[in-house]
Amino acid sequence: MKLRKLEILLEKVAGFENPTPEREQYQTPAPLAARLLYTAYLAGDIADLRVLELGSGTGILGIGAALLGAAEVIGVEIDETAIRIAEKNSLALGVDVHTITADVSSETERALIPPADTIIMNPPFGAQIAHADRPFIDAALAKADVIYGIFNAGSKEFITHYTAGRAEITSVIAADFSIPRMFFFHTDDRRDVPVEIIVLKRIEY
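The sections below set out a description of the structure shown in this document. This structure is a prediction, so every number in the text was calculated from the model and none was measured.

Among the nonpolar cores identified, the biggest contains 38 residues, and Leu10 and Leu37 are the most heavily contacted of them. When residues of this core are traced back to their parent elements, those giving at least two are α1 (3-10), α2 (30-42), α3 (60-67), β5 (146-152), β6 (167-180) and β7 (190-202). The element contributing the most residues to this core is α2, with 8 residues. The residues contacting leucine 37, other than those within four sequence positions of it, are Leu6, Leu10, Ile46, Ile60, Leu61, Gly64, Ala65, Leu68 and Ile120. Within the second largest apolar cluster, 23 residues are counted, among which are Leu54, Met121, Ile137 and Ile147.

Inspection of every chain in the model, using the stated rule, returns 1 cavity of 30 Å³ or more. Its volume calculated, the largest cavity comes out at about 40 Å³. Looking at the largest cavity, the residues that line it are Glu53, Ser56, Gly59, Gly75, Ala86, Glu87, Ser90, Val97 and Thr99. With 3 residues, helix α4 (residues 80-92) is the single largest residue contributor to the lining of the largest cavity. The residue inventory of the lining of the largest cavity, partitioned by class, reads 2 nonpolar, 5 polar and 2 charged.

A few words on the pattern of salt bridges. Under the criterion given, the structure shown has 5 salt bridges. The closest approach of N and O atoms between arginine 4 and glutamate 7, which form a salt bridge, is 2.8 Å. Taken together, the residues span about one helical turn, with arginine 4 and glutamate 7 both in helix α1 at a distance of 3 residues. Here glutamate 107 makes a salt bridge to arginine 110, at a shortest N to O gap of 3.6 Å.

Inspection of the entire model under this criterion finds 2 aromatic pairs. Here tyrosine 38 and tyrosine 41 contribute two aromatic rings whose centre-to-centre distance is 5.6 Å and whose plane-to-plane angle is 40 degrees, an arrangement assigned as tilted. Taken together, the residues tyrosine 38 and tyrosine 41, both in helix α2 and 3 residues apart, mark about one turn of the helix. Consider the rings of phenylalanine 158 and tyrosine 162, whose centres lie 5.5 Å apart with planes at 25 degrees: the pair is stacked. Note that phenylalanine 158 and tyrosine 162 are positioned in helix α7 (residues 156-162) at a spacing of 4 residues, about one turn of the helix. Overall, the relative accessible area of 23% leaves tyrosine 162 in the partly exposed class.

Take the packing of α2 against α3 next. Remark: α2 packs on α3, axes separated minimally by 10 Å, with the N-to-C direction vectors making an angle of 50 degrees. In terms of their interaxial angle, α2 and α3 are classed as oblique. Of the two elements, α2 crosses α3, and the hand of that crossing is right-handed. For the pair α2 and α3, contact is made by Ala30, Ala33, Leu36 and Leu37 and by Ile60, Leu61, Gly64 and Ala65, respectively. Residue classes in the contact of α2 with α3 are distributed as 7 nonpolar, 1 polar and no charged.

Let us look at unusual backbone geometry. Here the phi dihedral of aspartate 48 falls at roughly 65 degrees; this positive angle occurs in a residue that is not glycine. On the basis of relative accessible area, aspartate 48 is assigned to the exposed category, the value being 65%.

The subject of this paragraph is the pairing of strand β1 (residues 50-54). Across the 5 residues of β1, 4 count as buried, placing the element largely inside the fold. The sheet contact formed by β1 and strand β2 (residues 72-77) spans 5 bridges and is parallel. The residue bridging leucine 52 from the neighbouring strand is isoleucine 74, located in β2. Each parallel crossover has a hand, and the one from β1 via α3 to β2 is right-handed.

Cut-offs used in this document
Residues numbered from 1 in each chain as written. Predicted model: local features only at pLDDT ≥ 70, side-chain atom pairs only at ≥ 80, totals over all residues. Heavy atoms only, no water. Core = buried A, V, L, I, M, F, W, Y, C linked by side-chain atoms within 4.5 Å. Buried < 20%, exposed > 50% of the residue type's maximum accessible area, 1.4 Å probe, protein only. Helix = DSSP H or I, 4+ residues; strand = E, 2+ residues; numbered from the N terminus. Contact = heavy atoms within 4.5 Å. 1 Å grid on protein atoms, 1.4 Å probe; cavity = no way out; pocket = protein on both sides within 12 Å on 5 of 7 lines; lining within 4 Å. Points joined across faces, edges and corners; volume = space filled by probe spheres on them. Nonpolar A, V, L, I, M, F, W, Y, C, P; charged D, E, K, R; others polar. Salt bridge = Lys/Arg side-chain N within 4 Å of Asp/Glu carboxyl O. Phe/Tyr/Trp six-rings, centres within 6.5 Å; stacked < 30°, edge-to-face > 60°. Axes fitted to C-alpha atoms, helices over the stretch in contact; angles between N-to-C directions. Parallel < 35°, antiparallel > 145°, perpendicular 65-115°, else oblique. Left-handed = near helix turned anticlockwise from the far one by under 90°. Pairing = 2+ DSSP bridges. Right-handed = clockwise from strand over helix to strand, strands pointing away.

Here is the structure:
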């Protein structure tokens, strides 16, 4: 499947019905999701592998991984409403994505998450709750050797320090995250937020 075809298919993925700012429930734009996924696909980190999406929301990244030939795709999400939407999205696009209800910030619930070959994620940026991205990074490093994540532009230095001794950054790709007016504090009809697709590889001991 070519990149443009993947992007067109991901445009069909429905977003959140009643998103909450506390959880930073912004739907990952299809062009950004497709770019992350195709980068992983070309690197050999999707096809025929178990792929785990942390904070899977309505499922756009996991669905894309399934479309690109992942052997198994598992989503991890705490919001039951989002999970129901993700199930409908998966059905509509003809793929099988299993979702686990779990809070990645809970050590107990994190134990329910199986290991994977590759992790894909768009974690909270910490705009509403400070350091909200850290449990996702920790969970990702505990569950897979390769992680593809979307982070605020300029996050490379923080992630390098935060994961020191545990992982190394192998790639940083600049991109934009287009956010429509959704919440009361938004002042623009649409804003393109600079982000980075960061690829992490766990250090083996």
